[in-house]
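# Architecture and fold: a report
Each chain, written out:
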Amino acid sequence: MSADRRNARLGVGIIGSGRVGPVIGAALGGAGHAIVGITAVSDESLDRANALLPDVPVLDPTEVVERSELVVIAVPDEQLASLVEGLAAVGAWQPGQLVAHTSARFGTAVLAPAARAGAIPLALHPAMVFTGTSLDLARLHETSFAVTAPAPVQPIGQALVVEMGAEPVIIAEADREAYAEAVETAASFSRAVVQQATGLLQEIGIENAGGFLSSLVRSSVDEALRGATTPDVDELL
């Protein structure tokens, strides 16, 4: 794919209206790409799509793929493989089309049915917990994305991430499982610790326990992350 094609504005379709898909769509739309369609089934997902992507048509997955130069698949892990295979079975994937999923667990192998049809596979996982609201758009600017792609098209994935205001980090296909374990461990441990601490405070009568701990938790995590990347010399002696 040429540099001109990479820098061109793309027609983007979003499959999945959970907490991630509409936010990614809004971020790409904010970067100047045209959002051509999104899938949504439940009332909640429709509300989310309408809030973040007003006036974007709600389509079925096949229609989204047919209209898009870039398809972003943001569905639960257990649905990803069957969705990609099902769309391949009906001949939906197009040669030269970009196909990116947002799962932490998978690299590009799960997109093989699309790749066999000539599509260009990308795995772009944002390492953050989503609310599914516009608050996430600001948080993307503090977030890194795991980018997995065949070497010749890695710059495409990196460019898309940069356009969304985030930081791309290349993760090898063979390392996706370890990567997924790392991000899940961090998220699960953080939730568990906060829930335990707020529970203890509520037991002694502090009603807004979350607000009380907010600054402490954020500063503690920031300090822990700082220490993980730049250890204090005194701590090493």
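The structure under discussion appears in the preceding block.
Below: a short report on this structure. (Residues numbered from 1 in each chain as written. Predicted model: local features only at pLDDT ≥ 70, side-chain atom pairs only at ≥ 80, totals over all residues. Heavy atoms only, no water.)

Below, the discussion takes up the overall build of the protein chain. When you go through the protein chain residue by residue, the secondary structure sums to eleven helices and seven strands. Relative to the globule expectation of 18 Å for 237 residues, the C-alpha radius of gyration of the protein chain, 20 Å, shows essentially globular dimensions. The principal-axis extents of the C-alpha atoms in the protein chain amount to approximately 60 × 45 × 30 Å. A burial count over the protein chain gives 40% of its 237 residues as buried. For the protein chain, long-range pairs separated by at least 24 residues make up 57% of all intrachain contacts whose partners lie at least 6 apart in sequence. Counting every atom, the protein chain has about 12500 Å² of accessible surface; 56% of that belongs to carbon and sulfur. Positive and negative side-chain charges in the protein chain, numbering 13 and 28 respectively, have mean positions lying 5 Å apart. (Helix = DSSP H or I, 4+ residues; strand = E, 2+ residues; numbered from the N terminus. Rg over C-alpha atoms; globule rule 2.2 N^0.38 Å. Buried < 20%, exposed > 50% of the residue type's maximum accessible area, 1.4 Å probe, protein only. Contact = heavy atoms within 4.5 Å. Areas by Shrake-Rupley, 256 points an atom, 1.4 Å probe, with all protein chains shown as cover. Lys, Arg positive; Asp, Glu negative; His and termini not counted. Charge placed at Lys NZ, Arg CZ, Asp CG, Glu CD.)

A few words now on the sheet that holds strand β2 (residues 34-38). Strand order in the open sheet made by the seven strands is β2-β1-β3-β4-β5-β6-β7, with mixed pairing throughout. Two strands bound the open sheet, and with one partner strand each, they are β2 and β7 (167-170). For this sheet, the mean inter-axis angle between neighbouring strands, taken without regard to orientation, is 25°. Looking at chain direction, strand β6 (residues 144-148) and β7 are connected through four bridges and run parallel. Residue pairing in the sheet places F145 in a bridge with P168 of β7. (Pairing = 2+ DSSP bridges. Axes fitted to C-alpha atoms, helices over the stretch in contact; angles between N-to-C directions.)

Another aspect to go through is the environment of P121. Position of P121 relative to the elements: it lies in strand β5 (residues 120-126). Taking relative accessible area as the criterion, P121 reaches 13% and is therefore assigned buried. As a C-alpha pair, P121 and V161 span 40 residues in sequence and 15 Å in three-dimensional space. Among all residues touching P121, those that are not within four sequence positions of it are V99, T108, L111, A115, A149, P150 and V153.

Let us look at the layout of surface pockets. By volume, the largest pocket is sized at about 2200 Å³. Lining of the largest pocket is provided by 49 residues; of these, A127, M128, V129, F130 and A187 occupy positions nearest its centre. Secondary structure elements with two or more residues in the lining of the largest pocket: β5, α9 (176-203) and α10 (209-229). Looking at the lining of the largest pocket, the element that brings in the most residues is α9, giving eleven residues. For the lining of the largest pocket, the residue count by class is 25 nonpolar, 15 polar and nine charged. (1 Å grid on protein atoms, 1.4 Å probe; cavity = no way out; pocket = protein on both sides within 12 Å on 5 of 7 lines; lining within 4 Å. Points joined across faces, edges and corners; volume = space filled by probe spheres on them. Nonpolar A, V, L, I, M, F, W, Y, C, P; charged D, E, K, R; others polar.)

Along helix α5 (residues 77-89), the residues that are buried comprise L80, L83, V84 and L87. An end-on view of α5 places all buried positions within 95° of arc, on one side of the element. In α5, those exposed residues whose orientation departs by more than 90 degrees from the buried face are E78 and A89. On its buried face, α5 sits against β1 (11-15), α4 (61-67), β3 (70-73), β4 (98-101) and α6 (112-116). Backbone geometry just after α5 places G91 at a positive phi near 70°. (Arc of directions from axis to C-beta.)

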